[in-house]
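# Structural description and commentary
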Amino acid sequence: MPIVIQGYRREDEKAVDEFNQRLQANGASPELVFYRWAEPRWLPPSQSSSLFNEFFIAGDCDTVRGGYALKHQNFLFPDGHLRNIGFYHHPLSEGIVNKSHAIVGTLLLRDAMMRSPLLFCLGMGGYDKPLPQMLVKLGWSHCVIPFYFRVLRPARFLRNLQAARTSPLRNLLMDAGAFSGAGWVALKIYNGVTKLRSPAMAAYEVERISEFTEWTDLLWDRCQGAYSFTAVRDCATLRQLYPGSESHLIRLRVRRNREDLGWAVVGSRRADPKYGSMRVGSIIDCLARPEDALAIVRAAWQALSDEGMDLIVSNQSHPAWCQALRAAGFLRAKSNFIFAASKKLAEALAPFDRTTQHMHLTRADGDGLPRNY
């Protein structure tokens, strides 16, 4: 039977549940399941908003073989215009456990491109994964969004970073660094040198806020011209992405002499085997003029340090934010966070290589929200 792709309806939920059960029964990773409910719990469609999610499923007869999510959001483009574009995320195909359905992944992407020609992907876990490999073959433009981390508790970091424990010798060296105190000494030295090299900066005030209000509109107006390509971050958008009901998030307002410099949203990442038992904090999202990025980064890591984090991570695309992270004691590591643009979107961003050097993308723009940050 031919594969038909359609909007996910409430009457399809039983078939989706059966699809998820087949994936798990055939050895798929536990997190590889499609959405249980047809209506998105996060950013449901609304006639009053251009920011929303919608789900689609692929099936033959009454059997679901795959699905994907499409987030619609307004972005500021290099020509100064706002356009609503699509973020293709969480595609899932039965082809991962049954090769006879391998074509489903390709059909899902093609359907998303028809619905939203200005389409992008962000995250994806690295170039060794099937989706980015498919996008490269299709001629999508792409680049890596840098990844930075700051160690707050070196002993716990050395004992728990499973990604680096790839051999008995490395295990021995990391354990020795943790228990001897050498890791602590090295961190103190590095942070001391970094502080000496950091630019002098006037004092600023940091306030934890329960929700975003109208002052963010003025900040958005001031920041727009500084970035070539970025998601709209006005008050209405921020209140949808980070509503006050999401009490696990920390929202920071940073000011100097009663003038708003910027804001940040930070939080604790969900458990991940590669981090062991560490408490890992994330700079999820942020906005300021590039020259004020350092104040926002420092406020963000201090808030996460106060929450008892062992490690802080962040993905930032703009050079000024990357420089601010380095000045705040962050180290750069290999990134698996990839930005890929469809041919139509890449045309609107031309010249792509130059535009991507000045765009502002964070973890929140991709696979990071609402909980995987």
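A brief look at the structure comes next. (Residues numbered from 1 in each chain as written. Predicted model: local features only at pLDDT ≥ 70, side-chain atom pairs only at ≥ 80, totals over all residues. Heavy atoms only, no water.)

## Points about the environment of A328
Put simply, the rule is: By the criteria applied, helices consist of DSSP H or I runs no shorter than four residues and strands consist of E runs no shorter than two, each listed in order from the N terminus. Burial classes: relative accessible area under 20% of the type maximum marks a residue as buried, over 50% as exposed, and values in between as partly exposed (1.4 Å probe, protein chains only).
Structurally, A328 can be placed in the loop between α10 (319-327) and β14 (331-333). On the accessibility criterion, A328 (4% relative accessible area) is buried.

## Focus on the side chain of D12
This is how the line gets drawn: We call two residues contacting when some pair of their heavy atoms lies within 4.5 Å.
In this fold, D12 is placed in the loop between β1 (4-7) and α1 (13-25). A residue is classified by how much of its surface remains accessible, and D12, at 9% relative accessible area, is buried. In this view, D12 contacts Q6, G7 and I57; residues no more than four positions away in its chain are not counted.

## A word on the packing of aromatic side chains
Selection rule: Within 6.5 Å between ring centres, the rings of Phe, Tyr and Trp (the latter by its six-membered ring) count as paired, and their orientation is classed by plane angle as stacked under 30 degrees, edge-to-face over 60, tilted in between.
Scanning all chains against the criterion turns up 17 aromatic pairs. Geometrically, the ring pair formed by Y8 and F34 is tilted, given 6.0 Å between the ring centres and 35° between the ring planes. Here Y8 is found in the loop between β1 and α1, whereas its partner F34 is found in the loop between α1 and β2 (52-60), with 26 residues between them in sequence. Overall, Y8 belongs to the buried group, its relative accessible area being 7%.

## Concerning the sheet that holds strand β10 (residues 250-256)
Put simply, the test is: At least two DSSP bridges between two strands are required for those strands to pair. The convention used is that axes are lines fitted to C-alpha atoms, helices contributing only their stretch in contact, and that angles between N-to-C directions extend from 0 to 180 degrees.
Strand order in the open sheet formed by seven strands is β8-β10-β11-β12-β13-β7-β14, and the pairing between neighbours is mixed. Two strands in the sheet have a free side with no partner beyond their single neighbour: β8 (205-209) and β14. The mean angle between the axes of side-by-side strands here comes to 30°, regardless of whether they run parallel or antiparallel. Across five bridges, the pairing between β8 and β10 is antiparallel. Looking at β10, one finds that E207 is bridged to R253.

## Notes on empty space enclosed by the protein
What counts, and what does not: Using a grid of 1 Å spacing that covers the protein atoms alone, one calls a set of points a cavity when a 1.4 Å probe fits there but cannot get out, and a pocket when the set is open and has protein on both sides within 12 Å along at least five of seven lines; lining residues are those with an atom within 4 Å of a point. Grid points are joined across faces, edges and corners, and a volume is the space filled by probe spheres set on the points.
With the rule as written, the count across this model stands at three cavities of 30 Å³ or more. For the largest cavity, the calculated volume is near 50 Å³.

## Concerning helix α3 (residues 130-137)
Our working rule: Along the arc lie the directions from the helix axis toward the C-beta atoms.
Among the residues of α3, those classed as buried are L131, P132 and L135. Seen along its axis, α3 keeps its buried residues to an arc of 95°; they face one direction. Exposed residues on α3 whose side chains face more than 90 degrees from its buried face are P130 and K137. Along its buried surface, α3 packs onto β4 (82-93), α2 (103-115), β5 (119-124) and β15 (337-341). Immediately downstream of α3, the backbone of G139 shows phi near 85°, a positive value.

## A short note on the environment of G276
Locating G276 in the fold gives a position in the loop between β11 (259-268) and β12 (280-288). Classification of G276 by relative accessible area gives partly exposed; the value is 35%. With 117 residues separating them along the chain, G276 and R159 place their C-alpha atoms 8.3 Å apart.

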